[in-house]
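# What the coordinates show
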Amino acid sequence: MTGAMSRIAQVLLPLPLPEAFDYAEPEGMELKVGDLVAVPLGPRQVSGAVIGLKDAYGHNRPLKSVLARHSEPALPAGALEFIDWAARYAVDSPGMPLAIALRGARAPKPRPEKVLRATGAAPARMTPAREKVLAAAEAGPLPPAALAAAAGVSSGVIKALIDEGALEVELRVAAPAFPEPDPRRPGAQLNPSQAAAAAELRAMLAEGGFQAALIDGITGSGKTEVYLEAVADVLARDRDAQVLILLPEIALTQQVIARFSERFGAEPGEWHSGIASPRRRRVWEAVATGRCRIVVGARSALFLPFRKLALVVVDEEHDSSYKQDEGFIYHARDLAVARAKIEQAAVILASATPSLESLWNAEQGRYRWLRLTARHGPAVLPKIELVDLRATPPEPGRWLSWPLVQAMGETFERGEQSLLFLNRRGYAPLVLCKACGERLCAPDTQSWLVEHRYSGRLICHLTGFSMPRPERCPHCGAKDSLVSIGPGVERVAEEAAQLFPEARLAVFSSDTIQHPEAARTLIDQMQAGEIDVLVATQAAAKGHNFPKLTLVGVVDADLSLRGGDLRAGERTYQLLAQVSGRAGRAERPGRALLQTYCPEHPVLQALKAQDRDAFVEAEMAERRLAGLPPYGRLAAVILSGPDAQALEAYARALAAAAPNGEGVEVYGPADAPLGLIRGRRRKRFLVRADRGVDLQAFMSTWRARGPRPPGAIRVAVDIDPYNFL
Ligand code: ADP
């Protein structure tokens, strides 16, 4: 019986389910597509989004009813279409991207705060301190601590005024301030090549509809200044238009937000995992209602419910942090282009070392290609030198060679700054027992424990497992037999401190800098010249401008070439060009010293010659021959399960179900290089396809034809994998 039901709501739930579920729309609820609703699911109540409404005529299966409509704004059509597209792209269930899109929607509401308001009643006795408090309170209600600070009095004075009725307590929900940005405020005086790039972007925006551009400009060329012009143009063109700026690293947001605030006189909305949920909810709602016009955020900001998205900027577009490879697996740069297409918006990708994929798109004419080949003003690119560690090896147990130490000494004497770059967190990447040879790993995991001296712990970077550094080898029980092998940033910092005891030293890694504010403080200190030597992982290699930084020392230039996956050369080139590019700004020329055991390697030779185009050409030629991205497409299937035999059997059955496709090759199953994580065995398939092949269709056919995985086995599809472990 359908009773009084007149319509059926198709409700997508933020869960890994294959499709939306049908619910009856209760009479009078008058749902719209996009509404957020509560529905029953078994014994639970779940919130989801209405993605369709159909007539219930002829439907005679009893349905459970929608329980309630939430008060949050509905998801706009573009956001719904994007969720659907992203799920198809990733060959995953649409509930997965929906879960990301709803992360801010149902976050706890901002809690009201206590503020004090002047009642107008005079206190029993007036003193100068009390007068100051009342004057400050007249200007507007303030929280007690802020009021005490504003008047420069103790909390006792405030309390007495409350007791005497001159102040009263009020509960207030902090007003969500998203002030209107002003695009007419003047920007920087652009130099001629910046002005030409900005003019081309304005011409692109004037055409309207989906448009894409790549700003390919060396470090310090002013890419940010150029895209700020495009943002101003979009904001001025349409009073409702919204802009999204994506950044690969939370540590970069503060700096970019500061530049936006200065340029447009209004702080943009900030979105990433470091933002407390009540604040996130405010940004989410302000984006959905159109009040927040500029968002600066990490990759998940792409799933926000923009009402009228007109421009997406993907800064440092080559950065592999844009790839999310757990849970819902996606590449934010690729999805940014897709979202722009869906919204008929423009997308600007910016980088000093663009990905081969984006360069290829630019070469094909799909993206407008804007090149900035000189640094702004008198600044020049740093000189890059290779230090052959075979000729000048560091002393045993040391990691800095004398040419680098000498350069650091000269830099320090000139009152300038050095950056030592090593992309390894902690003190030592390996702890080994010299009695039995055991390499310490996390339980049931094939990954070394990394020694962290600052915290005194051994940490597995893969699983998060950690333990205090033991006195005895956990394997053979020998005492004082554990030795730390190899360097991490903490160990390099220790060596630098011994070499330069007077130098002010700091370490920048995700362990030492856990919040955007901490990053901001360190970056401010660096910019103010309060640090002489910064030892850093890639967290500091990106996007920052440090005017007094003139020396970059790369401790191990060979590190990311090892392991050799498809992008090892590209990634090494990008990372080292970026970090070297931190050296020398304004009038101070910079120098980068790259320590290596194989200076003849083509990647290092290209870096030394600063010949990116030659490097790209050679790399493209190799990819073309092998049919690898951007000339072909890849996908991975990752299987994991607790039982090796069951996993093996399932992998074989899945292999047998692989469809035959023209221009597609399936490799595997093979044991994953990380064969065991948290007690789960892992196996992988790799699929290579020609560009013209519909890889998603192939993968979903395969998924559908393959046997259902037994309960304990998990299957993940990774379209365009960046991680081959
Ligand atoms: P990129 O993003 O290409 O590394 P930025 O936009 O961050 O470059 O610019 C590098 C530095 O040069 C910044 O400090 C920026 O303020 C300054 N700069 C760039 N262009 C100009 C300009 N036209 N006028 C004044 N300063 C500029």
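Right, let's walk through the structure included here.

About the thresholds
Just so you know, the residues in each chain are numbered from 1, in the order the chain's sequence is written. The predicted nature of this model means local features are confined to residues of pLDDT at least 70 and side-chain atom pairs, given and counted, to a pLDDT of 80 or more, with totals for whole chains, interfaces and linings taken over all residues. Just so you know, side-chain values use all the structure's heavy atoms and leave hydrogens and water out. In these notes, residues near a molecule or strand are those with any non-hydrogen atom within 4 Å of it. Within 3.5 Å is the distance limit for a polar contact, defined as a pair of N or O atoms, with the added protein rule that one can donate a hydrogen and the other accept it, and that residues adjacent in sequence qualify only through two side-chain atoms. The accessible surface values rely on the Shrake-Rupley method and a 1.4 Å probe; as for residues, cover is taken only from the protein chains in view. Each helix corresponds to a stretch of at least 4 residues labelled H or I by DSSP, and each strand to a stretch of at least 2 residues labelled E; elements are numbered beginning at the N terminus. Classification used: nonpolar for Ala, Val, Leu, Ile, Met, Phe, Trp, Tyr, Cys and Pro, charged for Asp, Glu, Lys and Arg, polar for all others including Gly. Put simply, a nonpolar core is a bunch of buried Ala, Val, Leu, Ile, Met, Phe, Trp, Tyr and Cys residues held in one set by side-chain atoms that sit within 4.5 Å of each other. Partly exposed residues are those whose accessible area sits between 20% and 50% of the maximum for their type, while under 20% is buried and over 50% is exposed, using a 1.4 Å probe and protein chains only. We call two residues in contact whenever any of their non-hydrogen atoms come within 4.5 Å of each other. DSSP calls a pair of strands paired once it identifies at least 2 bridges connecting them. Lines are fitted to the C-alpha atoms to define the axes, a helix being fitted only along its stretch in contact, and any angle between axes, read from their N-to-C directions, falls within 0 to 180 degrees. Roughly parallel covers angles under 35 degrees, roughly antiparallel covers those over 145, roughly perpendicular covers 65 to 115, and oblique covers all other angles. Handedness of each helix crossing follows the sense of rotation of the near helix against the far helix: counterclockwise by less than a right angle gives left-handed, clockwise gives right-handed.

### Side note on the site of the ligand
Around the ligand, a shell composed of 17 residues is seen, among which Gln189, Gln194, Gly220, Lys223 and Arg259 lie nearest. The separation between an oxygen atom of the ligand and a polar side-chain atom of Glu225 is 3.3 Å. At 2.8 Å from an oxygen atom of the ligand is found a side-chain nitrogen or oxygen belonging to Arg259. Starting from 550 Å² of accessible surface for the ligand in isolation, the protein chains cover 75%. When residues in the shell around the ligand are grouped by element, the largest group, three residues, is from helix H7 (residues 223-237). Looking at the shell around the ligand residue by residue, the classes come out as three nonpolar, 10 polar and four charged.

### With respect to the nonpolar core
By size, the foremost hydrophobic cluster in this structure holds 115 residues, and its most contacted members are Phe303, Phe508, Leu534, Leu594, Met699 and Trp702. Each residue touching Phe303, except ones within four places of it in the same chain, is listed here: Phe82, Ala86, Pro97, Ile100, Ala101, Phe328, Tyr330, Leu335 and Arg339. Core analysis: the next-biggest nonpolar cluster, separate from the first, contains 32 residues, Met204, Val243, Leu247 and Leu372 among them.

### Quick word on the sheet that holds strand S5 (residues 68-69)
If you trace the five strands from one edge of the open sheet to the other, you get S2-S1-S4-S3-S5, paired in antiparallel fashion. Edge strands, defined here as strands with exactly one partner in the open sheet, are strand S2 (21-24) and S5.

### Describing the packing of helix H1 (residues 77-90) against helix H10 (residues 332-343)
In helix packing, the relevant descriptors are the interaxial angle and the interaxial distance, both defined with respect to the helix axes. For the pair H1 and H10, interaxial distance at closest approach is 10 Å and the crossing angle is 140°. One element, H1, and the other, H10, form an angle in the oblique class. Relative to H10, the crossing made by H1 is right-handed. Judged by residue contacts, Gly78, Ala79, Glu81, Phe82, Trp85, Ala86 and Tyr89 of H1 engage Asp334, Leu335, Ala338, Arg339, Ile342 and Glu343 from H10. Tallied by class, the residues present in the contact of H1 with H10 amount to eight nonpolar, one polar and four charged.

### Remarks on the sheet that holds strand S20 (residues 450-452)
Strand order in the open sheet made by the three strands is S20-S21-S22, with antiparallel pairing throughout. Each edge of the sheet is formed by a strand with only one pairing partner; in this case those strands are S20 and strand S22 (466-468). If you compare each strand with its neighbour and ignore which way they point, the axes differ by 30° on average. Where S20 meets strand S21 (residues 457-459), three bridges bridge the pair, whose relative direction is antiparallel. Following the sheet pairing, Val450 is matched in S21 by Ile459.

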